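Chain by chain, the residues run as shown.
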Amino acid sequence: MADDGLISHKRDPIKSSVGNAAAQRRRQHAVTVGKERREALMRTKRLCRVGVSGDSDDASLDDGDMMVEEDQSVLAAQTSLAVEELKLAVAYQGKGATQKRVNALRDLRRLLSKSEFPPVEAALRAGAIPLLIQCLSFGSPDEQLLEAAWCLTNIAAGKPEETKALLPALPLLVAHLGEKSSVHVVEQCAWALGNVAGEGEELRNVLLLQGALPALARMMLPNKRSTVRTAAWALSNLIKGPDPRAATELIKIDGIPDVIVRNLKKGDDELATEVAWVVVYLTALSNVATTILAKSDLVQVLVETLAMSSSLQLLIPMLRSLGNLVAGDTHITNVVLVAGHEITGNAIQALVKCLKSEHRILKKEAAWVLSNIAAGSVEHKRLVFSSEAMQLLLNLLSTAAFDIKKEVAYVLGNICVAPAEGSGRPNVILDHLVNLVRGGCVTGFLVLVRSADVEAAKLGLQFIELVLRGMPNGEGPKLVEREDGIDAMEIYQFHENEELRCMANELVDKYFGEEYGLDE
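Residues numbered from 1 in each chain as written. Predicted model: local features only at pLDDT ≥ 70, side-chain atom pairs only at ≥ 80, totals over all residues. Heavy atoms only, no water.

Labelled according to an unreviewed UniProt entry, the chain appears under the name Importin subunit alpha, originating from Anisodus acutangulus. Of the comments in the UniProt record for the chain, the one headed Sequence similarities (unreviewed entry) reads "Belongs to the importin alpha family." (UniProt positions renumbered as here; feature names shortened; annotations may be inferred.)

Encoded structure:
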């Protein structure tokens, strides 16, 4: 069967001669945002300190209970002792054996929940995993199952080699996602599996082979907030690729497209955020998922949320999802975001709101989405050009961080060109080009030309070519010369990158050759 992921006929995120993006840009974006999510907004692997049941007994730890760094050796010793107590409890068969096991599990779980860096190594060294697997056996009381799964959840939140220690426990954790288990046990097992999936592709593949995906997907279907939230988080870790088959399998499960839209529309911010991350990876990795979701009400929901919400954690995946959809399915720009439709104007305004944000991630993402809209029809280019976004983009090209400048440059470049017939150079949209040049954008593009970033330098050279070729009355060369553009291009005279070297040398030879300036 053909691969359902990104393939050659997929519309590139940036489509025009002004900066054809790498063929895998959406997939790279998914990886990038995964790193940002892990490092800043929400950890890929999460410790469980408060029980999934929400009970307020000792499952809830006060700040005063947290161990300071110098207590780690004490905590490790206590953990080793707790595992030894659990061994005795598991072996005990007399009166009160069940409660003895539960108490021993609870003691171990408390220790594994007491520090930002739990004593996982000590627990593993003492032999905790085989004991916890025994305590997960079917027919055990719910309280015992919950405590054992909780211990495994926090062990899975450890270092990579510590997470891999859960391999023997995975079949039971997946099995407990079934209908025979209580809701709290199901949620705790899903949390543990989400931590395992967050570790990397190797463990994700193991979970997929063991049937974790359909089991987690079933948890999305009931209308229970905490269950759906946990399942969505675990699924976002499980389908994040790079293999697109898991994303495609998920979207094909009956009811999943509808439940995604419903929870984005009606869920609270926390639930909607988790579901939105599922959409990010679905639309980044799978053509099938992108096509299905593009034909739902998802775009309308995304636009409405972007306009109304002030939650950074929600806005980022919502914005990324919209960008993936626009980049990934021409149905969006051809049928949904049609110039003149109310939803299209609302989308532009929502993106303007993000460009105005103080958060750099929102600015960068909004520019990326706009660059894809501007890569559409001439009507789409004129829509962006006539919006409030233009002045914001020009300001960002001058003042923003480099990665934002590059995304902005794609928007401005796409606005200025119309597709050429055949494989020739794109046609210049003259009024757009003149307006942008008059707004001072040449300086910003020459900053890109001078950069060490090959993609940015190529984008800068392509725009300078438009200026040299397209500005009326032969103004282009003079404008570029005034901004020291000749020196910027001559940097590439002997550059190791053949494409950049040829582009720059051809421009200098064509527009600044021996006859340049003789007619003055």
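A.B. asks: When you look at the overall build of the chain in this model, what are you seeing that I'm missing?
C.D. replies: Within the chain, the secondary structure is distributed over 30 helices and two strands. With 520 residues in all, the chain has 55% of them scored as buried. Considering only intrachain contacts with a sequence separation of at least 6, the fraction spanning at least 24 residues in the chain is 72%. (Helix = DSSP H or I, 4+ residues; strand = E, 2+ residues; numbered from the N terminus. Buried < 20%, exposed > 50% of the residue type's maximum accessible area, 1.4 Å probe, protein only. Contact = heavy atoms within 4.5 Å.)

A.B. asks: Help me understand the packing of aromatic side chains, please; the structure alone is not making it clear to me.
C.D. replies: Any pair of aromatic rings gets described here by the distance separating the centres and the angle formed by the planes. Summed over the entire model, instances satisfying the criterion amount to two aromatic pairs. Between F445 and F463, the ring centres sit 3.8 Å apart and the planes meet at 5°, which makes this aromatic pair stacked. Residue F445 is found in helix α26 (residues 441–449), and its partner F463 is found in helix α27 (residues 454–470); the two are separated by 18 residues along the sequence. The exposure class of F445 is buried, given its relative accessible area of 0%. We classify F463 as buried; its relative accessible area is 0%. One residue, R109, lies across the ring of W150, its end atom 4.0 Å from the ring centre. Taking NZ or CZ as reference, R320 lies 5.5 Å from the ring centre of W368, over its face. (Phe/Tyr/Trp six-rings, centres within 6.5 Å; stacked < 30°, edge-to-face > 60°. Lys NZ or Arg CZ within 6 Å of the ring centre and 35° of its normal.)

A.B. asks: Just to check I follow, could you spell out the pattern of salt bridges for this structure?
C.D. replies: Two side chains carrying opposite charge are able to pair once their charged atoms lie near each other. On inspection of all chains with the given rule, the structure shows 22 salt bridges. For R229, the salt bridge identified is with E270, shortest N-O distance 3.7 Å. With R229 in helix α12 (residues 225–238) and E270 in helix α15 (residues 269–285), this pair connects stretches of sequence that are 41 residues apart. For E270, a relative accessible area of 45% puts it in the partly exposed group. K406 serves as the salt-bridge partner of E455, at 3.5 Å between the closest nitrogen and oxygen. (Salt bridge = Lys/Arg side-chain N within 4 Å of Asp/Glu carboxyl O.)

A.B. asks: When you look at the environment of V102 in this model, what are you seeing that I'm missing?
C.D. replies: The residue V102 is located in helix α3 (residues 97–112) in this model. Note on V102: relative accessible area 1%, which makes it buried. On a C-alpha basis, the gap between V102 and A148 in space is 8.6 Å, while along the polypeptide they are 46 residues apart. For V102, the residues in contact, after removing those within four places along its chain, are E143 and Q144.

A.B. asks: Would you take a moment to explain the UniProt feature "repeat: ARM" (unreviewed entry) in the chain for this structure?
C.D. replies: Residues annotated in UniProt with the feature "repeat: ARM" (unreviewed entry) correspond here to residues 211–238 and 346–374. The span residues 211–238 is 82% helix and 0% strand, and its two end C-alpha atoms sit 11 Å from each other. Between the first and last C-alpha atoms of residues 346–374 the distance is 15 Å; the span itself is 86% helix and 0% strand.

A.B. asks: Even after reading the chapter, I still don't get α12, so can you show me in this structure?
C.D. replies: Because each turn of an α-helix spans 3.6 residues, side chains separated by three or four positions end up pointing in the same direction. Across its 14 residues, α12 extends 20 Å between first and last C-alpha, which sits within 8% of the 20 Å expected from 1.5 Å per residue. The buried fraction of α12 amounts to twelve of the 14 residues, a majority that puts the element mostly inside the structure. Among the residues making up α12, those that are buried are S226, T227, V228, T230, A231, A232, W233, A234, L235, S236, N237 and L238. (Expected span 1.5 Å × (residues − 1).)

A.B. asks: What should I look at first to understand the packing of helix α20 (residues 342–355) against helix α21 (residues 360–374) in this one?
C.D. replies: Each pair of packed helices can be summarised by the angle the axes make with each other and by the distance between the axes. Viewed as axis vectors pointing N to C, α20 and α21 meet at an angle of 145°, and their least axial separation amounts to 8 Å. The hand of the α20/α21 crossing is left-handed. Every residue of α21 that contacts α20 at I348, L351, C354 and L355 is listed here: L362, K363, A366, A367, V369, L370 and I373. Broken down by class, the residue content of the contact of α20 with α21 amounts to ten nonpolar, no polar and one charged. (Axes fitted to C-alpha atoms, helices over the stretch in contact; angles between N-to-C directions. Left-handed = near helix turned anticlockwise from the far one by under 90°. Nonpolar A, V, L, I, M, F, W, Y, C, P; charged D, E, K, R; others polar.)

A.B. asks: What exactly am I supposed to notice about unusual backbone geometry here?
C.D. replies: Most peptide bonds take the trans configuration, and most residues that are not glycine carry a negative phi. A cis geometry characterises the amide bond from G241 onward to P242, with omega recorded as 15°. Tracing the sequence through the fold places P242 in the loop between α12 and α13 (245–251). Of note in the backbone geometry, N473 takes a positive phi value of approximately 60° without being a glycine. Classification of N473 as exposed rests on a relative accessible area of 74%. Non-glycine residue D484 carries a positive phi angle of around 60°. Position of D484 relative to the elements: it lies in the loop between α28 (475–482) and α29 (485–490). Of the residues examined, D484 reaches a relative accessible area of 45% and is grouped as partly exposed.

A.B. asks: For this particular structure, what's the right way to read the environment of L152?
C.D. replies: Relative to the helices and strands, L152 resides in helix α6 (residues 142–156). As a C-alpha pair, L152 and L173 span 21 residues in sequence and 9.3 Å in three-dimensional space.

A.B. asks: Help me understand the confidence of the model for the chain in this model?
C.D. replies: Close inspection of predicted coordinates is inappropriate for parts of the model with low pLDDT. Of all residues in the chain, 86% have pLDDT values of 70 or greater, and the mean over the chain is 87. pLDDT under 50 marks residues 1–24. Its contacts with residues more than four places away, or in other chains, come to 70 contacts. A low-confidence stretch, residues 34–42 stays under pLDDT 50, and its non-local contacts, those more than four residues away or across chains, total 22 contacts. (pLDDT = per-residue confidence, 0-100.)

A.B. asks: What is the right way to read the side chain of E162 from this model?
C.D. replies: Turning to its location among the elements, E162 is positioned in helix α7 (residues 160–164). Lacking a salt bridge, the buried E162 has K159 as its closest oppositely charged neighbour, with an N-O distance of 4.8 Å. A distance of 2.8 Å separates a polar atom in the side chain of E162 from the backbone nitrogen of K159. Not counting residues up to four positions away in its chain, the partners in contact with E162 are V120, E121, L124 and I155. (Lys, Arg positive; Asp, Glu negative; His and termini not counted. Polar contact = N/O pair within 3.5 Å; in protein donor to acceptor, adjacent residues only side chain to side chain.)

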